[in-house]
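Descriptive analysis of the structure
As a plain string of letters, each chain reads:
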Amino acid sequence: MKAVDETATRMLDRLQGERPGDASDWIAGLRRDAVARFAEMGLPNQRIEDWKYTSTKAIAKRDFARPDAAGATADANRIEALRVPDLDAHRLVFINGHYAAALSDGEMTDDAVRVRNLAQVLAEDPDALKDRLADAAPADFSGFTALNTAFAEDGAVIEIAADRRVERPIELLFVSTLRDEAIAAHPRILIDAAHHGEATIIEHYVGMDDPQNLTNAVTEVHLAEGARVAHYRVQRESRKGFHIGSVHVNQAANSRLEQHNVQIGAALCRTDINTALNAEGAETLYNGLYLVNGRQHVDTHTRINHNQPNTTSEEAYRGILDGYARGVFNGRVYVAPHAQKTAAYQSNDNLLLSGKAEIDTKPELEIYADDVVCTHGATVGQLDTRALFYLRSRGVDHETARGLLLYAFAEAAIERMGVEPLRNWLQGFVIEELPHADRLQEFV
Amino acid sequence: MTEPMLKITNLHAKAEDAEILRGLNLEVNAGEVHAIMGPNGSGKSTLAHILAGRDDYEVTEGSVTYKGQDLLEMEPEERAHEGVFLAFQYPVEIPGVNNIYLLKSAVNAKRKHQGLGEIDSVDFLTDVKQKMKLMGMDESFLKRSVNEGFSGGEKKRNEVFQMMVLEPGLCVMDETDSGLDIDALKIVAQGVEQMRSPDRAIVLVTHYQRLLDHIQPDRVHVLARGQVLKSGDKQLAHELEEHGYDWIRYEEAESA
Ligand SMILES: Nc1ncnc2c1ncn2[C@@H]1O[C@H](COP(=O)(O)OP(=O)(O)OP(=O)(O)O)[C@@H](O)[C@H]1O
Ligand SMILES: [Mg+2]
């Protein structure tokens, strides 16, 4: 096969080999097609409008190896320390993209939910994925999605039963570790909620020992009528690593999605969050928080398609950028011609803490219906001097007051998250990132 | 004679090249309550903010001393530690910062400045609850973020509540009575009355006689065009209520 460029050829070569599911004709076919798509597309370049501000050159220039499943081990205590503390969750752990059974709570099947790792399903029950895998996420969404579709070999399959509420959150912990050479993992997550099923799922990406690895994850979510899913993505990769992630959601009538997107780590992070509201009464909340400094680059592209009338979306993204950090936010909202009574609210607020930090923020509204309420607003600024003065006038010293306001800015995003232990942990985590952390502890 | 608690001499201040205060003089002794009245835009809030240390204003001339110290040299937080308190005309909402933790930190910052240890948590809470009750505030306010989602009147009451807990030496209250219903006005007035003390000075900025009916001010000043144009006893407030500010301008012209 002839690929579009040398990088694509090299990446394809590097990733060859057997994978669970190869024996299934339809999986093999899906992969072949995706390889062909990637060969045509290659990695996205900056001539593509959606990638205008984000260069993938740093990824192209590296030679990522394919990690073997045998390497999926790590010290249990160290893994434990990476978890969200005090969170009572059913947990699957992945090391460099491979399921680590010894570190996980294992497969779970009860009357509310079935949780399995993808490699197992691909090997034993590939037909169960038919019409679901690569359905919400088309392989050609981007070169990265094609790459993931072609080479994903593990991840999670979560099936939520009709009319059931899964009480404990499900935590998927993806740990990227330091190996002899940089590696690329392509985890794939499939979440399928039957009608009126409810669950909370946390994808948690974390780097250990500063690897320069690439994580290229794709998540697909199907919400049947009345289903309610809270989906969290917490990205704390190594500051030297690369993280590409996309979430693709299809929503039926009266379903509700909450998508919380926290981006803290990685040298380069790009997430795409896409939701299609395909029937009346469907609603979506996007809640995002990015905290970056140094030379970090964080790019979020979101899309909400209001394909039917009476659908609602609310989107609020907040970011704090320091040092030479660079942020990109692009929020696209599409309202189909007959999708009357659509309500779509979008906001993106940014604090730039240094003169060198930068953010490009842009709403993109494509509204073809007339009876709709769509609002959007973006702010880029420094701390509110009125609030700063108010705190100082109460005796809080300048530095602490500044830290408090930064914390409070982030807290507005954190407080929307329903999982209390996660909220508490993130609050502490955000404080640690701020100057004079010790002085801030007493306020929260 | 002892030094006035607050002494403002020939104060000139501007913001973005606009001259706002133009030679303002004011002296307030410990134990006294002074009211400042004056038309919109005359510089009342500017004065209040300058006393608290807001740096949007540039003082171009004059001096301000508090307990004999040069106030203008101090950072806003130092002034707070020394006992200056401003009840804001428009209290700021600060989502994510807990109301009571802020207050506790404020108390401790002041104590630290005085060389005292941190306040005992139980003592603090007892004091806070008692004062909230006086201000007719529900205990649920303990858990809320600073002013977030408070109604206009609740914000004003919260300011007075903070003031009662912090026990400042100089209270500057900027239109704390605006936007209050009749009952809340009484509560706020009682709060101020309770704060009256021989070692404390209170400066009330107000537009209305009705607050002054509850609190008998020792002096009333009229601020206009950045100066104190007229001072008198509480009778002056009544005359203003009756005749408006034009009457003073007329008098001024007469005497000029
Ligand atoms: N930061 C600023 N920059 C420019 N002009 C300002 C600033 N602050 C105040 N001013 C102006 O100074 C004047 C005095 O304002 P100030 O708020 O002190 O009035 P005030 O007496 O408190 O009025 P009110 O009774 O309406 O509260 C006004 O004309 C106002 O527009
Ligand atoms: Mg004013």
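The structure under discussion appears in the preceding block.
Let me begin by describing the structure that accompanies this report. (Residues numbered from 1 in each chain as written. Chains lettered and ligands numbered in written order. Predicted model: local features only at pLDDT ≥ 70, side-chain atom pairs only at ≥ 80, totals over all residues. Heavy atoms only, no water.)

Examining the side chain of B:Lys156
Residues and elements named next belong to chain B. Cut-off, in case you're wondering: Helix and strand definitions here come from DSSP, where helices need a minimum of 4 consecutive H or I residues and strands a minimum of 2 consecutive E residues; each element is numbered from the N-terminal end. Only protein chains enter the accessibility calculation, which uses a 1.4 Å probe; a residue whose area is less than 20% of its type maximum is buried, one above 50% is exposed, and one in between is partly exposed. Neither His nor the chain ends is counted toward charge; the positive residues are Lys and Arg and the negative residues Asp and Glu. Should a side-chain nitrogen of Lys or Arg be within 4 Å of a carboxyl oxygen of Asp or Glu, the pair is scored as a salt bridge. Only heavy atoms matter for contacts: two residues are in contact if any of them lie within 4.5 Å across the pair.
You can see lysine 156 is positioned in helix α5 (residues 152-166). Notably, lysine 156 is buried but unbridged: the nearest opposite-charge side chain belongs to glutamate 175, and the N-O separation is 5.9 Å. Other than its neighbours up to four places away in sequence, lysine 156 contacts Phe88, Gln89, Pro91, Glu175, Thr176, Ser178 and Leu180.

Focus on the site of ligand 1
All names here are of chain B. Rule in force here: Distances are taken per atom, and a residue is near a molecule or strand as soon as one of its heavy atoms is within 4 Å of it. Side-chain atoms alone can form a polar contact between residues adjacent in sequence; in general such a contact is a pair of N or O atoms within 3.5 Å, and within protein one must be able to donate a hydrogen while the other accepts it.
Around ligand 1 sit 15 residues in total, of which Gly41, Lys44, Ser45, Thr46 and His207 are the nearest. One of the backbone N or O atoms of serine 42 is found 3.2 Å from an oxygen atom in ligand 1. Contact between ligand 1 and glutamate 175: an oxygen atom at 3.3 Å from a side-chain N or O atom of the residue. Element by element, the count of residues in the shell around ligand 1 is highest for helix α1 (residues 44-52), at 3 residues.

A closer look at helix α7 (residues 385-393) of chain A
The buried count for α7(A) comes to 7 of 9 residues, which makes it a mostly enclosed element. Among the residues of α7(A), the N-terminal cap falls to A:Asp384, whose side-chain oxygen and the backbone nitrogen of A:Arg386 are separated by 2.9 Å.

What to know about the pairing of strand β18 (residues 326-335) of chain A
Residues and elements named next belong to chain A. Stated formally: When DSSP locates at least two bridges between a pair of strands, those strands are taken to pair.
The element β18 is largely enclosed, with a buried count of 8 among its 10 residues. Sheet topology note: the strand β16 (residues 297-306)/β18 ladder contains 10 bridges and is parallel. Within β18, the residue paired with histidine 301 across the bridge is asparagine 330. In this sheet, strand β20 (residues 358-367) lies alongside β18 in parallel orientation, the contact comprising 10 bridges. What sits directly across from glycine 331, in β20, is proline 363.

Some words on the environment of B:Met37
Residues and elements named next belong to chain B. With respect to the helices, strands and loops of the structure, methionine 37 is situated in strand β3 (residues 33-37). Using a relative accessible area of 2% as the deciding quantity, one classes methionine 37 as buried. Spatially, the C-alpha atom of methionine 37 lies 8.5 Å from that of leucine 204, the residues being 167 residues apart in sequence.

Thoughts on the coordination of the magnesium ion (ligand 2)
Put simply, a metal with four donors set out as a tetrahedron has ideal angles of 109.5 degrees, and one with six donors set out as an octahedron has ideal angles of 90 or 180 degrees. Residue and element names in this part refer to chain B. This is how it is decided: Coordinating donors are taken as N, O and S atoms within 2.8 Å of the metal, stretched to 3.2 Å for Na, K and Ca; because water is absent from the atoms, sites can appear incomplete.
Looking at the magnesium ion (ligand 2), one finds its protein donor set to be Ser45 (OG) and Gln89 (OE1), positioned 2.0 to 2.3 Å from the metal centre. Within this pair, whereas serine 45 is found in helix α1, its partner glutamine 89 is found in the loop between β6 (84-87) and β7 (94-98), the two being separated by 44 residues in sequence. With a relative accessible area of 21%, serine 45 lands in the partly exposed category. Classification of glutamine 89 as buried rests on a relative accessible area of 16%.

Section: helix α6 (residues 182-195) of chain B
All names here are of chain B. To keep things clear, this is the line we draw: Expected helix span is computed as 1.5 Å times (number of residues minus one).
If you check α6, its first and last C-alpha atoms are 20 Å apart, about what 14 residues at 1.5 Å a residue would give, namely 20 Å. For α6, the full list of buried residues reads Ala184, Leu185, Ile187, Val188, Ala189, Gly191, Val192 and Met195. Residues of α6 that are buried make contact with α4 (121-134), α5, β9 (170-174), β10 (201-205) and α7 (209-214). The opening residue of α6 is aspartate 181, an N-cap whose side-chain oxygen sits 3.0 Å from the backbone nitrogen of aspartate 183.

Notes on the environment of A:Glu399
Residues and elements named next belong to chain A. Mapping glutamate 399 onto the fold places it in helix α8 (residues 398-414). The class of glutamate 399 is partly exposed, set by a relative accessible area of 32%. Along the sequence, glutamate 399 and aspartate 105 sit 294 residues apart, while their C-alpha atoms lie 44 Å from each other. Excluding residues within four positions of it along the chain, glutamate 399 makes contact with His436 and Arg439.

A short note on the pairing of β7(B)
Residue and element names in this part refer to chain B. Counting buried positions along β7 yields 4 of 5 residues, so the element is predominantly enclosed. Bridge count between β7 and strand β8 (residues 145-146): 2 bridges; the pairing is antiparallel. Among the inter-strand pairings, isoleucine 94 is bridged to a residue of β8, identified as valine 146.

Structural notes on unusual backbone geometry
The phi angle of most residues is negative, glycine excepted, and most peptide bonds adopt the trans form. Residues and elements named next belong to chain A. In this structure, asparagine 254 takes a positive phi of about 55° despite not being glycine. Among the secondary structure elements, asparagine 254 is positioned in the loop between β12 (242-251) and β13 (256-263). Owing to a relative accessible area of 46%, asparagine 254 belongs among the partly exposed residues under this scheme.

What to know about the pattern of salt bridges
Scanning the model with the defined rule gives 47 salt bridges over all chains in all. Here A:Asp299 makes a salt bridge to A:Arg270, at a shortest N to O gap of 3.0 Å. You can see A:Asp299 sitting in strand β16 and its partner A:Arg270 sitting in strand β14 (residues 268-277), a full 29 residues away along the chain. Classification of A:Arg270 as buried rests on a relative accessible area of 1%. The shortest N-O distance in the salt bridge between B:Arg54 and B:Asp56 comes to 3.0 Å. Accessibility expressed as a relative area gives 41% for B:Asp56, which makes it partly exposed. Within this structure, A:Arg116, A:Asp125, A:Arg132, A:Glu159 and A:Asp192 form a network of salt bridges that share partners.

Read these as geometric descriptors, not functional statements.
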